[in-house]
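Understanding the architecture of this molecule
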Amino acid sequence: MSKMQYFSEIKGEIFKNKSLAPLTWFKVGGPAEYLFTPEDKTDLIQFIKKYPSHFPKMVIGAGSNLLIREGGLSGVVISMKNLNTINLNGENIYAETGALDMSIARKASMMGLSGLEFLIGIPGTIGGGIKMNAGSYGSEIKDILIDVEVIDNSGSVFHVSQKELKLEYRKNNSPKDWIFLSCNLKGVKSQTSIVRTKMKEIINDRKNNQPINQLTGGSTFKNPKKLKSWKLIDEAGCRGLVLGNAKVSEKHCNFLINNGNALSSDIEDLGEIVRNRVFDETGIGLEWEIVRVGKKVHIKREGSYE
Ligand SMILES: Cc1cc2nc3c(=O)[nH]c(=O)nc-3n(C[C@H](O)[C@H](O)[C@H](O)COP(=O)(O)OP(=O)(O)OC[C@H]3O[C@@H](n4cnc5c(N)ncnc54)[C@H](O)[C@@H]3O)c2cc1C
């Protein structure tokens, strides 16, 4: 029987065989068998309760940490973009997980809440942030998260505290099937002008040091303990390295860039070349921070790496 039956009562949008490339920062990758954009949280919950737990599913936020392979994904990919409510209550913030980090940072600043300024520079959703324990400028999601509302594979909805997620550096140790629906975040009372100044500093620093206007997935590899990936990559001679239409950024060499026509495999293979070169040079195995998903397919690449 077709999987389409599971979408018969949904209120949001459903597409079959839909390209996921436009939904990611890299702008590469194949299609989803089904792309579902729930209208709201209730729509998503009702769908998950009906969708068989053994069928594949995956959630996509802003696609800023995702590399989708050419072969695409079977099952359903769920876009969280409509779950974007943000409410402030004193020093706490309630947000649905499709809300953008930068929207939360802006709302917090309007209320003079400090502690969330770092979110202004992370181009993802808060759900993706919770999954990745995203962070920058000395702060991470773990520091501002109170609790999360979760739906699991069986359709049960429950709350877990920040501690129960066992967040580590760019890692969330909760079960892989959990979808984060909403969260409560905490700030500290300050003044709008002070918070805004800090946010401006972060924005300027990023403009100067990261290729934020290019097709990228942010930091490609996690920093090994007490080391910086960009430095290891630079020392291994990989700054500016090219494979097909993918390139190691000259500006920040832990960023990989799609020059416009890159294949997903150009980007992934270039990342592997970088890993190998760093390993040969230093004996350190860099760990991917970018989430790579989808089936690998063999596509003939024009050109080779320089
Ligand atoms: C220019 C640039 C700069 C960046 N700078 C930083 C930085 O400073 N610090 C940093 O940590 N990261 C940075 N990143 C990476 C990225 O923005 C973060 O990891 C971000 O938190 C990912 O959120 P997203 O919504 O884009 O997630 P996606 O890329 O859409 O998904 C990432 C993972 O999270 C999962 N996911 C998403 N939403 C949910 C949900 N609601 N429930 C369960 N799982 C979910 C997805 O299934 C996937 O496994 C940068 C990226 C770019 C392109």
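Residues numbered from 1 in each chain as written. Predicted model: local features only at pLDDT ≥ 70, side-chain atom pairs only at ≥ 80, totals over all residues. Heavy atoms only, no water.

What follows covers the overall build of the protein. On a plain count of helices and strands, the protein comes out with eight helices and 21 strands. Against the globule reference of 19 Å for 306 residues, the protein gives a C-alpha radius of gyration of 20 Å, in line with a compact fold. A principal-axis box enclosing the C-alpha atoms of the protein has dimensions of 55 × 50 × 30 Å. Counting all 306 residues of the protein, 49% fall into the buried class. If you sum the accessible surface of the protein, you get close to 14,500 Å²; carbon and sulfur atoms cover 50% of it. Distance between charge centroids for the protein: 1 Å, based on 42 positive and 34 negative side chains. (Helix = DSSP H or I, 4+ residues; strand = E, 2+ residues; numbered from the N terminus. Rg over C-alpha atoms; globule rule 2.2 N^0.38 Å. Buried < 20%, exposed > 50% of the residue type's maximum accessible area, 1.4 Å probe, protein only. Areas by Shrake-Rupley, 256 points an atom, 1.4 Å probe, with all protein chains shown as cover. Lys, Arg positive; Asp, Glu negative; His and termini not counted. Charge placed at Lys NZ, Arg CZ, Asp CG, Glu CD.)

On to the packing of aromatic side chains. Taken as a whole and assessed by the stated rule, the structure comprises 10 aromatic pairs. Their ring planes at 75° and their centres at 5.9 Å tell us that Tyr-6 and Phe-55 sit as a pair that is edge-to-face. Placement of the pair is Tyr-6 in the segment before strand E1 (13-19) and Phe-55 in the loop between helix H1 (41-50) and strand E3 (57-60), with a sequence separation of 49 residues. Given the relative accessible area of 16%, Tyr-6 is considered buried. On the basis of relative accessibility, which here comes to 22%, the residue Phe-55 falls in the partly exposed class. A cation over a ring is seen here: Lys-18 above Phe-15, with NZ or CZ 4.4 Å from the ring centre. (Phe/Tyr/Trp six-rings, centres within 6.5 Å; stacked < 30°, edge-to-face > 60°. Lys NZ or Arg CZ within 6 Å of the ring centre and 35° of its normal.)

Before going further, it helps to spend a moment on the sheet that holds strand E17 (residues 215-219). Pairing is antiparallel in the open sheet, where four strands are placed in the order E17-E20-E19-E18. Looking at which strands have only one partner, the edges of the open sheet turn out to be E17 and strand E18 (242-243). Seen against the sheet, helix H8 (residues 264-282) touches E18, strand E19 (246-248) and strand E20 (255-258) and runs at an angle of roughly 30° to E19. (Pairing = 2+ DSSP bridges. Contact = heavy atoms within 4.5 Å. Axes fitted to C-alpha atoms, helices over the stretch in contact; angles between N-to-C directions.)

Bringing the pairing of strand E2 (residues 31-37) into the picture now. With respect to burial, E2 is a largely interior element, five of its seven residues being buried. As defined by bridge partners, E1 adjoins E2 across six bridges and the pair is classed as antiparallel. Within the sheet, the bridge partner assigned to Phe-15 lies in E2 and is Leu-35. Alignment of E2 against strand E5 (residues 73-79), held across four bridges, turns out to be parallel. Bridging from a neighbouring strand, Phe-36 pairs with Ile-78 of E5.

Between its first and last C-alpha atoms helix H6 (residues 192-209) spans 26 Å; for 18 residues at 1.5 Å apiece the expected length is 26 Å, and the two agree. Along H6, the positions that sit buried rather than exposed are Val-195, Met-199, Ile-202 and Arg-206. For H6, the angular spread of the buried residues around the axis is 55°, confining them to a single face. Exposed side of H6, more than 90 degrees from the buried face: Lys-200, Glu-201 and Asn-208 are the residues found there. (Expected span 1.5 Å × (residues − 1). Arc of directions from axis to C-beta.)

On to the site of the ligand, then. Neighbouring residues of the ligand: 33 residues in total, closest Val-59, Ser-64, Thr-125, Gly-135 and Arg-206. In the model, an oxygen atom of the ligand is placed 2.5 Å from a nitrogen or oxygen of the Arg-206 side chain. In isolation the ligand has 980 Å² of accessible area, and contact with the protein removes 95% of it. Those elements giving two or more residues to the shell around the ligand turn out to be E3, helix H3 (126-132), strand E9 (135-136), strand E15 (179-186) and E17. Considering each element in turn, the shell around the ligand owes the most residues, five residues, to H3. (Near = heavy atom within 4 Å. Polar contact = N/O pair within 3.5 Å; in protein donor to acceptor, adjacent residues only side chain to side chain.)

Now for the domain arrangement of the protein. Assigned domains of the protein: these are domain 1 (3-79), domain 2 (86-207) and domain 3 (211-293). If you average the C-alpha positions of domain 1 and of domain 2, the two centres end up 23 Å apart. With both sides pooled, the region where domain 1 packs onto domain 2 buries about 1,200 Å², and carbon together with sulfur makes up 65% of that total. One can count one salt bridge joining domain 1 with domain 2. Between Glu-149 and Lys-41 there is a salt bridge, and its shortest N-O distance comes to 2.7 Å. (Domains from an automatic or database assignment. Buried area = accessible area lost by both parts, 1.4 Å probe. Salt bridge = Lys/Arg side-chain N within 4 Å of Asp/Glu carboxyl O.)

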